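Single-letter residue listing:
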Amino acid sequence: MNLGKIAKALGGRVVGDDTIDIDRPVEPARASGPGDLAVAIDKAAFRSLKDSKARTAVVAEGVTVPEGLLEAYIIAARPRTALAEITVIFDVPVERPTGIDAGASVAGDAKLGKGVTIGAGSSVCAGAVIGAGTIVTENVTIGDGARIGKGCLIHPGVRVAHRVVIGDRVILHPNAVIGADGFSYTTPKQSNFESAKLTGRIESTNEELIRVNSLGAVVLGDDVEVGANSSIDRGTLKDTIVGPGTKIDNQVQIGHNVQIGKNCMICAQVGIAGSAVIGDGVVLAGKVGVADHVDVGANSVIGAGSGLHTKVAPNSIMYGYPAMPMTEAAMHWTHMRRLGDLFKDVEKLTEAAAKNEEGKSK
Amino acid sequence: MNLGKIAKALGGRVVGDDTIDIDRPVEPARASGPGDLAVAIDKAAFRSLKDSKARTAVVAEGVTVPEGLLEAYIIAARPRTALAEITVIFDVPVERPTGIDAGASVAGDAKLGKGVTIGAGSSVCAGAVIGAGTIVTENVTIGDGARIGKGCLIHPGVRVAHRVVIGDRVILHPNAVIGADGFSYTTPKQSNFESAKLTGRIESTNEELIRVNSLGAVVLGDDVEVGANSSIDRGTLKDTIVGPGTKIDNQVQIGHNVQIGKNCMICAQVGIAGSAVIGDGVVLAGKVGVADHVDVGANSVIGAGSGLHTKVAPNSIMYGYPAMPMTEAAMHWTHMRRLGDLFKDVEKLTEAAAKNEEGKSK
Amino acid sequence: MNLGKIAKALGGRVVGDDTIDIDRPVEPARASGPGDLAVAIDKAAFRSLKDSKARTAVVAEGVTVPEGLLEAYIIAARPRTALAEITVIFDVPVERPTGIDAGASVAGDAKLGKGVTIGAGSSVCAGAVIGAGTIVTENVTIGDGARIGKGCLIHPGVRVAHRVVIGDRVILHPNAVIGADGFSYTTPKQSNFESAKLTGRIESTNEELIRVNSLGAVVLGDDVEVGANSSIDRGTLKDTIVGPGTKIDNQVQIGHNVQIGKNCMICAQVGIAGSAVIGDGVVLAGKVGVADHVDVGANSVIGAGSGLHTKVAPNSIMYGYPAMPMTEAAMHWTHMRRLGDLFKDVEKLTEAAAKNEEGKSK
């Protein structure tokens, strides 16, 4: 693809020879041959251009490219989304022949839409429904009565359990598990953790853990993405829900009954305990933990590693373990760093006071 | 199923028409049609009944249902376990035809009990033994010489490695891994982490990591449950053991040689490092980390996100990173919140002392 | 195998009868029969010998075995590596018949080296290359154009995505995922997390999350090991790289573009966010989180549960959330424990000062 065509796709324009053929987009430092298009849209990447062997580049509107630095370059009209657009242009999407692979196992009453692929080693159970154009790759399991929308991409090893409902254009990454049972037990008598909560002491033991079954399912909205090795549990009396457009990274755990809004970003290794409610547009950074029944207001941003134990208002920025408003957390850490000085100050004051007393008693 | 039969199963009684047919149990807010049985056993759910469209409900012994609020209701005799019992009544258990699916691969010398199911795409390796009534669903792997008890349910994608031993009625959720090798290496010379521990400085590098193989296996007791994407490593010279009745949530990591007692609850994303010992009835809340060789006494409850680095006595309640007794942790956080005031107090005292000194020197 | 032969393999010597036949190595406390070889190399194990029923043992050079305690014992010449060597002697390696199992699915243009095994239910996609002697066990997926070296062991349920490159002698544990897409999105306008970073307030919402595709792959060096349920994402414009000899435990998450050096130890449940750089020989203990773009210098040791948000120099020892140098962290916790006393001291000083003022004003 030549520079001119790429520029057109990016809604941009070429400065220099627009017929140069491009093989791949690269970081400036890795540019070597003439087919390497240096992606220098953000400031750091743009600065690194001058030390690179790049001969062509994509830059943001408004920068000044030194004379003679490049043979030609594209000025991207939409710098914020240009990288995403470039990765669409050069992506080699997963392709599979449509139809059912000879090594797949599909129940007689499953309903497959037009152009569906079922890969080798995959199982589609009784009553499952799969929408047109959806690619089920290899070694996937689709449970009884599951319903999957159109244009989805189900990577190898994904487990979609019975009666789970999945929207259109959903991407499920390898070994993700949608619809395992919730982790819910009760004890015939007071449990040790109830005792701990009520009295601050352990006054009972758990002689029997009685299982609460999960009658609900999981519902994923359109355009949801679920990362590798993530798991989303089914609900007890209702469905666990993930709203449309929400993106879930790898190794995320979402408990039973959880309700997640639309366009959220749930980063890797986040854990959301049972019955928590996550508003629209919430960002949970890596390793955040949300306690059970906690409500996280819309558009809130929760910093990496935070532990949320209580309700959070919409538009909050929280950080820490336990999580507190970001401004408090910053103050907290300033205090912590000055704590050594504080001990010294108090020591001095105590000594001075003692000397004072001594002086008086003389 | 009508109200009368449900009441009987719950050991309770019906107030009103016991012939009403019920389709499904629901949270009060979701009750709409006449077949929706509102589950209003706990206080919050009971309070929400009055704002719901529920016409039938299950309530706890001792509450007063306002006249005319419901057409009929069940008073549950055992409120603590009633929800669990309701979910048993309405559950639609996983069902599979018994026998070996045509798409499964079973070694000639594997021994399958009566009524065993082996689903499509599953592999049972040489010498494996599977007890009567156990359901191995799709895409499961059972390693060489593994022994699985009776009445187990092995969900899709589970990996049971060679020589692992599993009790009766065990439930393994999708993509759980039982019996991967432990993470254990040694270095011919002092490693950098040994140096860090001994001297507080890094005085050596790791030029070679020599693997310690795992000769032991994993043993899971009866009635154990292991969550989706969880992993339990085999032991080095002995087996890693999980006691009967212990429930393990999703994405839990249990290291080599770990010994876990009976009836524990290990919540999601907990990590237990090698050779730790967890007593009977211990509750580890979500994301708890237990360091290697640490001993957690029976019935202890460890709060979410805690990091346990040292031995914990039985019946302890611990919280924090690093974990401390709950009462200390609470005090700690009270102190933290008052730290700003403390800085101000000390500043005032320092100023006053300076003024004092100034006064004296005049 | 008799004691003499074991001693020879360990480069050691036997004291006593070297013809005694050994069945298995055990911890001293578990020794019962004559075939049990007590492994008593480290100090604690050696001390426990005297309370055991062990009749044979392996001990370290330099210890004094009491007369009559054992029938015979091996003195290991290389105590640091003796356990590893013993586990090699007694290991029962995974064995599979070479060739393609009837239940496997291998693309016509895939290239398999000499002595390769492809197990039941495994899929090898178009253009994949697998080196001589590599064992692909059951239910594994090897993506389009993936290249795997010689002598690797790929455990059940592993997903190797398209174009991933894997060195020689690599071990991938069950359900590990190599080469899922990175978690990378952009928004057409300022996102809420950008707003949070820039202004400390949420002044925008995420109305659309635009996907950045992952054009890069993953490259694993020789002798790398990746644990069960771990995931390593492919890069955006370049490959995600794990250097030779690096060992990765279970449930580790490695983000897109991450570059990891050689001989690192990455313990269970560690998360490394996108574009982080980990130097040679680094040890990340369990549950460590490394923020995106953070650079961790060679040979550094990071304590369990730490959260690294900023660059770390080589040879650092860090601990805490947020992580700080170990010495500071220790000081920090000393301060924390004495904080209650500090409050009391300041209270006393304040009271004394007030009394003083009162005295003056009289």
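Cut-offs used in this document
- Residues numbered from 1 in each chain as written.
- Chains lettered and ligands numbered in written order.
- Predicted model: local features only at pLDDT ≥ 70, side-chain atom pairs only at ≥ 80, totals over all residues.
- Heavy atoms only, no water.
- Disulfide = S-S within 2.5 Å.
- Helix = DSSP H or I, 4+ residues; strand = E, 2+ residues; numbered from the N terminus.
- Polar contact = N/O pair within 3.5 Å; in protein donor to acceptor, adjacent residues only side chain to side chain.
- Contact = heavy atoms within 4.5 Å.
- Domains from an automatic or database assignment.
- Least-squares fit on C-alpha atoms with pLDDT ≥ 70 in both.
- Phe/Tyr/Trp six-rings, centres within 6.5 Å; stacked < 30°, edge-to-face > 60°.
- Buried < 20%, exposed > 50% of the residue type's maximum accessible area, 1.4 Å probe, protein only.
- Buried area = accessible area lost by both parts, 1.4 Å probe.
- Salt bridge = Lys/Arg side-chain N within 4 Å of Asp/Glu carboxyl O.
- Nonpolar A, V, L, I, M, F, W, Y, C, P; charged D, E, K, R; others polar.
- Pairing = 2+ DSSP bridges.
- Right-handed = clockwise from strand over helix to strand, strands pointing away.
- Arc of directions from axis to C-beta.

**Points about the state of the cysteines**
- According to the stated counting rule, one finds 0 disulfides over all chains in the structure shown.
- With no disulfide partner, Cys267(B) has as its closest neighbouring cysteine sulfur the one in Cys264(B), 11 Å distant.

**Quick look at the side chain of Ser122(B)**
Residue and element names in this part refer to chain B.
- With respect to the element layout, Ser122 can be found in the loop between strand 9 (117–118) and strand 10 (123–124).
- At 3.1 Å, the side chain of Ser122 forms a polar contact with the backbone nitrogen of Asn139.
- With sequence-adjacent residues up to four places away left out, Ser122 is seen in contact with Gly103, Ala104, Ser105, Val136, Thr137, Glu138, Asn139 and Val140.

**Notes on the domain arrangement of chain A**
- Each assigned domain of chain A is listed here: domain 1 (3–89) and domain 2 (99–325).
- Domain 1 of chain A and domain 2 of chain A are separated by 39 Å when their C-alpha centres are compared.

**Quick look at the relation of the copies chain A and chain C**
- Overlaying chain A on chain C yields an RMSD of 0.0 Å, the required transformation being a rotation through 120 degrees with an accompanying axial translation of 0.0 Å. Both copies are brought into coincidence by an operation consistent with a three-fold rotation axis. The position closest to the rotation axis in chain A is occupied by the C-alpha of Gly121(A), lying 3.3 Å away.

**Some details on the packing of aromatic side chains**
Residues and elements named next belong to chain B.
- Scanning all chains against the criterion turns up 6 aromatic pairs over all chains.
- Taken together, a centroid distance of 5.1 Å and an interplanar angle of 75 degrees make the contact between Phe183 and Tyr185 edge-to-face. Accessibility classification places Phe183 together with Tyr185 in one group, the buried group.

**Details of the interface of chain A and chain C**
- On the side of chain C, 74 residues touch chain A, which itself brings 70 residues to the contact.
- Summed over both partners, the interface of chain A with chain C buries about 5400 Å², with 60% contributed by carbon and sulfur atoms.
- Taken as a group, Arg80(A), Met265(A) and Phe343(A) account for 13% of the area that chain A buries against chain C, more than any other trio of residues on that side.
- At the junction of chain A with chain C, the criterion picks out 4 salt bridges.
- Its salt-bridge partner being Glu27(A), residue Lys238(C) comes within 3.3 Å of it at the nearest N-O pair.
- Seen at the junction of chain A and chain C, the total is 35 residue pairs in polar contact (both at pLDDT 80 or more).
- At the level of secondary structure, the elements contributing two or more residues to the side of chain A that touches chain C comprise strand 2 (24–26), helix 3 (79–90), strand 26 (247–248), strand 29 (265–266), strand 37 (317–319) and helix 5 (326–361) of chain A.
- Here the residues of the side of chain A that touches chain C are counted per class, giving 34 nonpolar, 23 polar and 13 charged.

**Let's talk about the pairing of strand 3 (residues 36–40) of chain A**
All names here are of chain A.
- Most of strand 3 is tucked away, with 5 of its 5 residues classed as buried.
- Covered by surrounding structure in strand 3 are Asp36, Ala38 and Ala40 together with Leu37 and Val39, the residues of both alternating faces.
- Here 4 bridges tie strand 3 to strand 4 (residues 56–60), and the two strands are oriented parallel to one another. Across the sheet, the residue bridging to Val39 is Val58, located in strand 4.
- Where the polypeptide runs from strand 3 across helix 2 (residues 43–48) and back to strand 4, its parallel neighbour, the crossover connection is right-handed.

**Some details on the interface of chain B and chain C**
- In this complex, chain B contributes 74 residues to the contact, which on the side of chain C involves 70 residues.
- Interface area for chain B against chain C, summed over the two sides, is near 5400 Å², with a carbon-plus-sulfur share of 60%.
- By the criterion of area lost to chain C, the three top residues of chain B are Phe183(B), Leu237(B) and Tyr321(B), representing 14% of everything that side buries.
- Across the chain B-chain C interface, the total number found is 4 salt bridges.
- In this structure, the connection of chain B to chain C is made through 35 residue pairs in polar contact (both at pLDDT 80 or more).
- When residues of the side of chain B that touches chain C are traced back to their parent elements, those giving at least two are strand 19 (177–180), strand 20 (185–186), helix 4 (192–199), strand 21 (210–211), strand 24 (231–233), helix 5 (326–337) and helix 6 (339–361) of chain B.

**Quick word on the sheet that holds strand 28 (residues 259–260) of chain A**
Residue and element names in this part refer to chain A.
- With respect to topology, 9 strands assemble into an open sheet ordered 8-11-14-17-22-25-28-31-34, the strand pairing being parallel. Because the sheet does not close on itself, it has two edges, and the strands there are strand 8 (111–112) and strand 34 (295–296).
- Of the pairings in the sheet, the one linking strand 22 (residues 218–220) to strand 25 (residues 240–242) comprises 3 bridges and is parallel in character. By the bridge assignment, Leu220 is partnered in strand 25 with Val242.

**Describing the sheet that holds strand 34 (residues 295–296) of chain C**
- If you walk across this open sheet you meet the 9 strands as 8-11-14-17-22-25-28-31-34 (chain C), and the pairing is parallel. Of all strands in the sheet, those bounded by a partner on one side alone are strand 8 (111–112) and strand 34 of chain C.

**Structural notes on the pairing of strand 5 (residues 72–76) of chain C**
All names here are of chain C.
- Counting buried positions along strand 5 yields 5 of 5 residues, so the element is predominantly enclosed.
- The alternating pattern of strand 5 places Ala72, Ile74 and Ala76 and Tyr73 and Ile75 on opposite faces, both of which are buried.
- Sheet topology places strand 1 (residues 13–16) next to strand 5; 4 bridges connect them, and they run antiparallel. When the sheet's bridge partners are listed, Gly16 is paired in strand 5 with Ala72.
- Here strand 4 (residues 56–60) pairs with strand 5 via 5 bridges, running parallel. Paired with Val58 across the bridge in strand 5 is Ile74.

**Focus: helix 4 (residues 192–199) of chain C**
- Turning to helix 4 of chain C, its buried residues are Asn192(C), Ser195(C) and Ala196(C). On an axial view of helix 4 of chain C, the arc spanned by its buried residues comes to 100 degrees, and they lie on one face. Those residues of helix 4 of chain C that are exposed and aimed more than 90 degrees away from the buried face are Lys197(C) and Leu198(C).
- If you follow the buried residues of helix 4 of chain C, they end up packed against strand 32 (283–284), strand 35 (301–302) and strand 37 of chain A.

**Concerning the pattern of salt bridges**
- One pass over the structure, following the stated rule, counts 39 salt bridges over all chains.
- Here Arg211(C) makes a salt bridge to Glu225(A), at a shortest N to O gap of 2.6 Å. You can see Arg211(C) sitting in strand 21 (residues 210–211) and its partner Glu225(A) sitting in strand 23 (residues 225–226), one on each of two chains.
- Relative accessible area serves as the criterion here: at 4%, Glu225(A) is assigned to the buried category.
- Each member of the salt-bridge network shares a partner with another, and the members are Arg96(A), Glu138(A) and Asp144(C).

**Here's the deal with the environment of Gly127(A)**
All names here are of chain A.
- Its location among the elements puts Gly127 in the loop between strand 10 (123–124) and strand 11 (129–130).
- The sequence separation of Gly127 and Asp144 amounts to 17 residues, and the corresponding C-alpha distance is 5.7 Å.
- Excluding residues within four positions of it along the chain, Gly127 makes contact with Asp109, Ala110, Gly145 and Ala146.

**Considering the environment of Asn229(B)**
- The topology assignment puts Asn229(B) in the loop between strand 23 (225–226) and strand 24.
- Put simply, Asn229(B) and Leu172(B) are 57 residues apart on the chain and 9.8 Å apart in space, counted from C-alpha to C-alpha.
- Once residues within four sequence positions are removed from consideration, Asn229(B) is found in contact with Asn175(A), Val177(A), Asn229(A), Ser230(A), Ser231(A), Pro174(B), Asn175(B), Ala176(B), Gln251(B), Asn229(C) and Gln251(C).
- In this structure the side chain of Asn229(B) is engaged in a polar contact, spanning 3.2 Å, whose partner is the backbone oxygen of Asn229(A).
- Here the side chain of Asn229(B) touches Ser230(A) through a polar contact of 3.4 Å, landing on its backbone oxygen.

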